[in-house]
Protein chains: 2
Amino acid sequence: MNDPEVRQLWYFVAVAEELHFGRAAARLGMAQPPLSRAIRDLERQLGVALLERTTRQVRLTAAGEVLLRDARAALEAVTAAARRAREAGRVSPRLRVALKADVDGGLLPQILDAYCADGAALPPELVLGRFGEQPQALREGRADVGLVLCPFDDRGLDREPLLTEPLLVALAAADPLAARTELCLADLAGRKLPGGSAASDGRPTGPRRPGAGWPASNLSEIFSLVETGSVVFFAPASVARRYRRPALAYRPVTDLPDSTLALAWPEDTSSPAVAAFVRAACTVAATRVESVMPS
Amino acid sequence: MNDPEVRQLWYFVAVAEELHFGRAAARLGMAQPPLSRAIRDLERQLGVALLERTTRQVRLTAAGEVLLRDARAALEAVTAAARRAREAGRVSPRLRVALKADVDGGLLPQILDAYCADGAALPPELVLGRFGEQPQALREGRADVGLVLCPFDDRGLDREPLLTEPLLVALAAADPLAARTELCLADLAGRKLPGGSAASDGRPTGPRRPGAGWPASNLSEIFSLVETGSVVFFAPASVARRYRRPALAYRPVTDLPDSTLALAWPEDTSSPAVAAFVRAACTVAATRVESVMPS
DNA sequence: GTCATTCATACCCCCAGGGTACCAATCGCG
DNA sequence: CGCGATTGGTACCCTGGGGGTATGAATGAC
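What you see is a predicted model, and the numbers here were worked out from it, not measured in a lab.

All names here are of chain A. For strand β10 (residues 259-266), the buried fraction is high: eight of the eight residues fall into the buried class. Where strand β5 (residues 145-150) lies against β10, five bridges are found, and the strand directions are antiparallel. Bridge pairing in β10 links Cys150 to Thr260. As paired elements, strand β6 (residues 157-165) and β10 share eight bridges and run antiparallel to each other.

The following block contains the structure:
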């Protein structure tokens, strides 16, 4: 009936991910027997078998699958609580804005200006991360608000869409396809994306989710690869505008859905600074839309 | 840098709620000195002052406020993980459906029928709770899916609206206002609600949130109070249909927004049974809407 | 059959978390 | 102003649990 301890959850997650007590113990920096015992105790507490072990194999039970998912979420919540409390206790608290460099729809400077003009504003601090890491950073309390491209994993987050713009494909200027004025996804079949997989792998909605490791952490490296013709890349129009280069060509893709830039923040946020940032961003986005398409 | 332990978070929440080390210790079933030490250790770990203590008073710091909020969420996540794992480990797992008795828009029997016909269905088990407790039950892992009235606290939950219907006011038949065919909120000014507050207290969107303790746990008791004329009550039309009594009158309230019944479930759910229930409920709701308003 | 791999058991030790006793600061009150 | 009551902190002890090492047992490869 008692709650498990955080330590036990870390242990379980490690074992569940490794499916190997020895490796998990090594990862946790401890010996294997106490780890085995800790997992056994956890199973006793919960009254549930979490793992099926033979001497040759460890597998998750159904309950184990459930707990793995929920334990990760719970651990995230705990570390987020700690990090946010630490941040809130700083003598000069800041508003930590998570984003991928250059993926801001060109709005960031104006948003920051508008935000800083707000009375409730704390000094902003940019938390740069790789693409797709922003939601995780928010859930783990490493940032207070973030700029993300939809769709993203919004568990535990609130959002506000800011800007929708077409997704373009970036090609080497020398690429035969660059001769055409517009393309469809089928034209790109077989082309490689920076992540490594093929362009028409069923997930053509722009840059991919985390996990699938990027070879390059920054966009300049990716665009360099594109220039050489070794990969193609999907980029929102505002990103494309920043990386105009002679050897690069951008072409619209007719059957690619638009890309939406959104603001996201933890669901239970009560910070006036976050509220001020959201207000500022929405205002800037609204005026920007007006100026682009005056009704 | 280390994560706090669940135990420390419980301790902190207790102290933060009581604002008194002695009482908090009593609530936790322990002596006061180790509690003081545990809180001090937590503050050391986080590098942040959470409480301002004098010998006469304990107050939360800003960081303490933040941690109180986040620690509650984290503890919820931990207990939810434990409960869901226990449930998933049962020999005969069930689908636990949280609802307030009678608040189902009259759809429940058909939803259950349609759900049980699905191949992915587990035997359903109704988890009855007081009004507004359903979201909390879902977050704490006491139920897998729930029927709730909007608006509700949907942190950590996904939702699907099922049915929108007008909210009626229930009056004693002898009430002078019952002579009129329709009312507006201003007419009800000064009337008491079962919760105790006045009818026009700025939250006229139907039955209230948890917290404000209900005097009666079931609707029959509430409607008995209404019959005596001591209170008025806002009820969705489908609830009103179940409690037609001679001494009761239902009247539309012109400026009251409609009430929406929705299905809610934890955001990270992957259970096929929940998916089947959602499908079934949506199908039933759709056909019901058609039959009520054939387009 | 033999060996390697891997998880479980047995046993030991240390310290962290809890208890008791006492101190110190603050407020109320005569 | 002094005394007591209240309440949080400090000092100290002690037990249990979490971690380590050594070893056993089961399974699969050859």
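Sheet strands pair via backbone hydrogen bonds, and the direction of the pair is either parallel or antiparallel. Residue and element names in this part refer to chain B. Spatially, three strands are ordered β8-β7-β9 in an open sheet, and the strand pairing comes out antiparallel. The open sheet has two edge strands, β8 (233-236) and β9 (248-252), and neither has a second partner. On average, adjacent strands in this sheet sit at an angle of 40° to one another, irrespective of strand direction. In this structure, strand β7 (residues 167-172) lies alongside β9, joined through five bridges in antiparallel fashion. Residue pairing across strands places Ala172 opposite Leu248, the latter belonging to β9.

Before going further, it helps to examine the interface of chain B and chain A. Taken together, the 37 residues of chain B in the interface contact 37 residues of chain A. Roughly 3,100 Å² of surface becomes buried between chain B and chain A when both sides are summed, with 59% attributable to carbon and sulfur atoms. It is Asp3(B), Arg86(B) and Asp268(B) that lose the most area in chain B upon contact with chain A, and together they represent 19% of the buried surface on that side. The partner of Asp70(A) in a salt bridge is Arg84(B), with the nearest N and O atoms 2.8 Å apart. By residue number, the principal contributor to the side of chain B that touches chain A is helix α4 (residues 62-88) of chain B, which donates 18 residues.

The two copies are related by a screw operation: chain B maps onto chain A through 180° of rotation and 0.0 Å of translation along the axis, at an RMSD of 0.2 Å. The operation mapping one copy onto its partner corresponds to a two-fold rotation axis. Relative to the rotation axis, the C-alpha of Gly156(B) is the closest in chain B, positioned 2.6 Å from it. The share of interface residues of chain B whose copies in chain A are also at the interface is 100%, consistent with both copies meeting through the same surface.

A few words on the pattern of salt bridges. Under the counting rule described, the total for this entry stands at 42 salt bridges over all chains. The salt bridge involving Asp102(B) is made with Arg242(B); its shortest N-O contact spans 2.9 Å. With Asp102(B) in the loop between β3 (95-99) and α5 (108-116) and Arg242(B) in helix α8 (residues 237-242), this pair connects stretches of sequence that are 140 residues apart. Between Arg130(B) and Glu133(B) there is a salt bridge, with its nearest N and O atoms 3.7 Å apart. On the accessibility criterion, Glu133(B) (28% relative accessible area) is partly exposed. Connected via shared salt-bridge partners are Glu17(A), Glu18(A), Arg23(A), Arg27(A) and Arg72(A).

With that settled, the discussion passes to the protein's contact with DNA strand D. DNA strand D sits among 23 residues. The nearest are Tyr11(A), Ala31(A), Arg37(A), Ser36(B) and Arg53(B). When atoms of DNA strand D within 4 Å of the protein are sorted by moiety, sugar and phosphate together comprise 62%. For DNA strand D, a phosphate oxygen lies 3.3 Å from a polar atom in the backbone of Gly22(B). Take Gln32(B): an N or O atom from its side chain is 3.2 Å from a base nitrogen of DNA strand D. Mapped by element, the contributors of at least two residues to the surface near DNA strand D are α1 (6-18) and α3 (32-46) of chain A together with α2 (21-28) and α3 (32-46) of chain B. Take the surface near DNA strand D: its biggest share by element is five residues, from α3(B). Considered class by class, the residues forming the surface near DNA strand D number eight nonpolar, eight polar and seven charged.

Cut-offs applied
Residues numbered from 1 in each chain as written. Chains lettered and ligands numbered in written order. Predicted model: local features only at pLDDT ≥ 70, side-chain atom pairs only at ≥ 80, totals over all residues. Heavy atoms only, no water. Buried < 20%, exposed > 50% of the residue type's maximum accessible area, 1.4 Å probe, protein only. Helix = DSSP H or I, 4+ residues; strand = E, 2+ residues; numbered from the N terminus. Pairing = 2+ DSSP bridges. Axes fitted to C-alpha atoms, helices over the stretch in contact; angles between N-to-C directions. Contact = heavy atoms within 4.5 Å. Buried area = accessible area lost by both parts, 1.4 Å probe. Salt bridge = Lys/Arg side-chain N within 4 Å of Asp/Glu carboxyl O. Least-squares fit on C-alpha atoms with pLDDT ≥ 70 in both. Near = heavy atom within 4 Å. Polar contact = N/O pair within 3.5 Å; in protein donor to acceptor, adjacent residues only side chain to side chain. Nonpolar A, V, L, I, M, F, W, Y, C, P; charged D, E, K, R; others polar.

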